[in-house]
Amino acid sequence: MSELKLSDPKLFRTASYVNGVWLSEADQYFEVANPADQSEVAKVAYHGAKAAEAAVKAAQDALPQWRAKTAQERSVLLRRWRDLLMEHQEDLARILTAEQGKPLKESRGEIAYGANYMEWFAEEAKRVYGDTISAPTNDKRVVVIKQAVGVVACITPWNFPSAMLARKLAPALAAGCTAVCKPANETPLSAFALAELAERAGIPKGVINIVCGDTPAIGKVFTKHPDIKKLTFTGSTRVGKMLMEQCASTVKRTSMELGGNAPFIVFEDADLDAAVEGAMASKYRNAGQTCVCANRIFVQSSVLEEFAEKFARAAAGLTVGPGTSDDVDIGPMIHEKALTDVAEKLGEAVEKGAEIILGGDRNELGSCFFNPTIISGVRDDMRLFREEIFGPVAPLISFETEAEVIRMANDTEYGLAAYFYSRDIGRVWRVSEALDYGMVGVNTGAMTNVAAPFGGVKQSGQGREGSKYGLDDYMEMKYLCMGGI
């Protein structure tokens, strides 16, 4: 902890948080390691089904009181929580970088991004509207109201451990729900810090509960417990399918933000410098470990050579290193297994004839560092085309016509994010509508913001996070028919 140089050491928590109590005592503990050098950041108390059951009970017990608060009261508490995040942004960023590895400048941005969701839903809490509907007869009145769905289970990933939890908890609390949470065991410390600040903000005990340790056991409680009415998950499609299947026995509502295979299309009429800038922002953020990063870069053949040269020149200027260094652009990958998976995909493509333009190898800094890589000649029979890469590897794929690239871009089971660059207004509309994705960035490589609905189609998930639609997944619609008027 001393190496983190925190201004507020109390933010460094290492235990599950249930009903306002830190469960620091446990039969066993697990290590949270720094991906940059595998050094121990913390030993965290390992909990399982018993703690998860207690968390659900705490959330259920707290639900009536929390749901009874006015929207204004919940809004004030959410806003206070948001302000505390920004007040402690630097400490939270240091904790995040220590356990996840990303550069501090990205960690600071993630803290602000999560805080923005708290601010947004603090306002949206006061804008939950119902309807009055024309009645079939004069002696009746028809009204629709919205109410909190109940206790919500949140399962979040390691790549954005602070922002993803904030993006789920903010609308849940704004809607009047209470929550039980399971952050990834690789990165639990950011979640614990958020809970510490929620307590300081005055959010009552039991409203937020966080349990870490035995992932299958905790997950089983979250998916099977009858008091949990909704489960929200961000992670892989494989795990998302398992959770949906487990939730079926109690017919829980689910929202899933799952895997991606984002196409990034550069048409011949594009501003190539802008396209390179967008590709850099999309591909190499968080060492390529984002669900919306450019996964397949399609470039029209007439500009492929020029784009490749500009792109390689820009990528070669990236600095790889520990996230704590101010000048670093790409930190380590989360663990060596993740790096090995990327290296295997790259090796298979080379064996089948693809050509490495830049990088393609591990960095000498350590076992989790991989150099920014660009590879050309990628075909649709290669894993780099078919599967999510989740690393700093950019495949370049040539195309000839608009129809051809739309077909190739849509040739995947995923449908989360897509990007393309063009200055033809007709093409902008045609391609935007033809791409089978939940989100499309046009002439930009960074499109997510709190006011926009985040989510995908096909096997990239269901539901939307953020935006004016973000409360819908946490509320039930109730129809009231009043007779005898």
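Everything discussed here concerns the structure shown above.
Only a predicted model underlies this, so the values are computations on that prediction, with no experimental measurement involved.

Reading guide: rules and limits
- Residues numbered from 1 in each chain as written.
- Predicted model: local features only at pLDDT ≥ 70, side-chain atom pairs only at ≥ 80, totals over all residues.
- Heavy atoms only, no water.
- Helix = DSSP H or I, 4+ residues; strand = E, 2+ residues; numbered from the N terminus.
- Rg over C-alpha atoms; globule rule 2.2 N^0.38 Å.
- Contact = heavy atoms within 4.5 Å.
- Areas by Shrake-Rupley, 256 points an atom, 1.4 Å probe, with all protein chains shown as cover.
- Lys, Arg positive; Asp, Glu negative; His and termini not counted.
- Charge placed at Lys NZ, Arg CZ, Asp CG, Glu CD.
- Salt bridge = Lys/Arg side-chain N within 4 Å of Asp/Glu carboxyl O.
- Buried < 20%, exposed > 50% of the residue type's maximum accessible area, 1.4 Å probe, protein only.
- 1 Å grid on protein atoms, 1.4 Å probe; cavity = no way out; pocket = protein on both sides within 12 Å on 5 of 7 lines; lining within 4 Å.
- Points joined across faces, edges and corners; volume = space filled by probe spheres on them.
- Pairing = 2+ DSSP bridges.
- Right-handed = clockwise from strand over helix to strand, strands pointing away.
- Axes fitted to C-alpha atoms, helices over the stretch in contact; angles between N-to-C directions.
- Phe/Tyr/Trp six-rings, centres within 6.5 Å; stacked < 30°, edge-to-face > 60°.
- Lys NZ or Arg CZ within 6 Å of the ring centre and 35° of its normal.

*Asks:* So, the overall build of the protein: which residues are in play, and what are the values?
*Replies:* Of regular secondary structure, the protein possesses 14 helices and 22 strands. Against the globule reference of 23 Å for 485 residues, the protein gives a C-alpha radius of gyration of 23 Å, in line with a compact fold. Oriented by its inertia axes, the alpha-carbon framework of the protein measures out at about 70 × 65 × 40 Å. Across the protein, contacts joining residues at least 24 apart in sequence account for 73% of those joining residues at least 6 apart. Only carbon and sulfur atoms are counted for the fraction: they give 50% of the accessible area of the protein, which is about 19,400 Å². Between the mean site of the 54 positive side-chain charges and the mean site of the 64 negative ones, the protein shows a separation of 8 Å.

*Asks:* Give me the lowdown on the pattern of salt bridges, citing residues and values where you can.
*Replies:* Applying the stated rule across the entire model yields 33 salt bridges. Across the pair Glu196 and Arg13 runs a salt bridge whose closest N-O atoms are separated by 3.1 Å. A residue pair is termed long-range when its members are at least 10 positions apart, and Glu196 in helix α6 (residues 189–201) and Arg13 in the segment before β1 (16–18) qualify at 183 residues. Residue Glu196 is classed as buried on the basis of its relative accessible area, which comes to 5%. Note on Arg13: relative accessible area 25%, which makes it partly exposed. When the shortest N-O distance is used, the salt bridge between Glu402 and Arg430 registers 2.9 Å. You can see Glu402 sitting in helix α13 (residues 402–410) and its partner Arg430 sitting in helix α14 (residues 425–434), a full 28 residues away along the chain. With a relative accessible area of 15%, Glu402 lands in the buried category.

*Asks:* An account of empty space enclosed by the protein is requested, with residue identities and associated values reported.
*Replies:* Within the structure shown, the criterion is met by 2 cavities of 30 Å³ or more. Met256, Glu257, Gln462, Gly463 and Glu465 are the residues nearest the centre of the largest cavity, which is lined by 13 residues in total. Within the residue set of the lining of the largest cavity, elements represented by two or more residues are β10 (228–234) and β11 (253–257). Ranked by the residues each element gives to the lining of the largest cavity, the list is headed by β11, at 3 residues. Empty space within the second largest cavity amounts to approximately 40 Å³.

*Asks:* Break down the pairing of strand β8 (residues 178–182) for me, with residues and values.
*Replies:* Counted residue by residue, β8 has 5 buried out of 5 residues, so it is predominantly covered. Alternating residues of β8 divide into Thr178, Val180 and Lys182 and Ala179 and Cys181, and every residue in both groups is buried. The pairing of strand β7 (residues 151–155) with β8 spans 5 bridges and is parallel. Looking at the pairing, Val151 lines up with Thr178 of β8. Between the parallel pair β7 and β8, the chain is carried across by helix α5 (residues 163–175), and the sense of this crossover is right-handed.

*Asks:* Summarise the layout of surface pockets; cite the residues concerned and give the values.
*Replies:* Considered as a void within the structure, the largest pocket measures approximately 1,300 Å³ in volume. Lining of the largest pocket is provided by 41 residues; of these, Trp158, Gly235, Ser236, Arg238 and Val239 occupy positions nearest its centre. Contributions of two or more residues to the lining of the largest pocket are made by α7 (215–224), β10, α8 (237–247) and α11 (336–351). In terms of residues, the lining of the largest pocket owes the most to one element, α8, which gives 6 residues.

*Asks:* Just give me the short version of unusual backbone geometry, but keep the residues and values in it.
*Replies:* Phi at Val251 takes a positive value of approximately 50 degrees, unusual for a residue other than glycine. Mapped onto the elements of the fold, Val251 is located in the loop between α8 and β11. Judged by its relative accessible area of 72%, Val251 is exposed. Positive phi, close to 55 degrees, is recorded for Ala287, a residue that is not glycine.

*Asks:* Got a sec to walk through the sheet that holds strand β5 (residues 131–133)? Specific residues and values, please.
*Replies:* Reading across the sheet, the 3 strands line up as β5-β6-β22 and stay open at both edges, with antiparallel pairing between neighbours. Only two strands of the sheet have a single partner each, and these edge strands are β5 and β22 (475–482). If you compare each strand with its neighbour and ignore which way they point, the axes differ by 25 degrees on average.

*Asks:* Got a sec to walk through the side chain of Glu348? Specific residues and values, please.
*Replies:* Looking at the element boundaries, Glu348 is found in helix α11. Residue class for Glu348 comes out buried when judged on its relative accessible area of 18%. Residues in contact with Glu348, not counting those within four places in the same chain, are Asp381, Met382 and Arg383.

*Asks:* Account for the packing of aromatic side chains, with residues named and values stated.
*Replies:* Counted by the stated rule, this structure contains 12 aromatic pairs. Aromatic side chains Tyr113 and Tyr117 sit 5.1 Å apart centroid to centroid with 80 degrees between the ring planes, which places their arrangement in the edge-to-face category. Here Tyr113 pairs with Tyr117, and both are found in helix α4 (residues 104–124), just 4 residues apart, close to one helical turn. With respect to class, Tyr113 is no different from Tyr117; both count as buried. By the ring-pair criterion, three or more aromatic residues cluster together here, those being Tyr17, Trp22 and Phe192. Seen from the ring of Phe454, Arg167 lies directly overhead, with NZ or CZ sitting 4.0 Å from the centre. Positioned above the aromatic ring of Tyr474, the side-chain terminus of Lys230 is 4.9 Å from the ring centre.

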